[in-house]
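One-letter residues, chain by chain:
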Amino acid sequence: MELMSWFIKPFNKSMVWLGSTFFDTTVFGIKIGWIFVYVSFTYMFFNLTDMVYNKAFNDGVKSVTIGVNENG
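Remember, predicted model here, so these are calculated numbers, not experimental data.

Caption draft 1: Region of interest: the overall build of the protein chain. Regarding its fold elements, the protein chain presents two helices and two strands. Put simply, the protein chain runs from its N terminus to its C terminus through helices and strands in the order α-β-β-α. Among the 72 residues that make up the protein chain, the fraction classed as buried is 1%.

In structure tokens form, the structure reads like this:
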């Protein structure tokens, strides 16, 4: 833990400055940090929804075709 603290120490001030600048800068009155958070959560939500839909669709098709192949 001490080694990690020693290694990160020079970056602390710059990272705090970057974070505060990123979340305090506004575009049309909306903070850039919150825009980034919103876009990333929206992308994640749609990506996960699409993956779940594709898996369910493929499993449904597989179950129907297995039934057809067994009977004929």
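Caption draft 2: Molecular detail of the confidence of the model for the protein chain. Within the protein chain, residue pLDDT values average 77, and 65% of them lie at 70 or more. When mean pLDDT is compared element by element in the protein chain, helix H2 (residues 32-71) scores highest at 83, while helix H1 (residues 2-24) scores lowest at 67.

Caption draft 3: The pattern of salt bridges, seen in detail. In this structure the tally under the stated criterion is one salt bridge. Close ionic contact of Asp-59 with Lys-55 constitutes a salt bridge, the shortest N to O distance being 3.2 Å. Taken together, the residues Asp-59 and Lys-55, both in helix H2 and four residues apart, mark about one turn of the helix. Given the relative accessible area of 35%, Asp-59 is considered partly exposed.

Conventions and cut-offs
Residues numbered from 1 in each chain as written. Predicted model: local features only at pLDDT ≥ 70, side-chain atom pairs only at ≥ 80, totals over all residues. Heavy atoms only, no water. Helix = DSSP H or I, 4+ residues; strand = E, 2+ residues; numbered from the N terminus. Buried < 20%, exposed > 50% of the residue type's maximum accessible area, 1.4 Å probe, protein only. pLDDT = per-residue confidence, 0-100. Salt bridge = Lys/Arg side-chain N within 4 Å of Asp/Glu carboxyl O.

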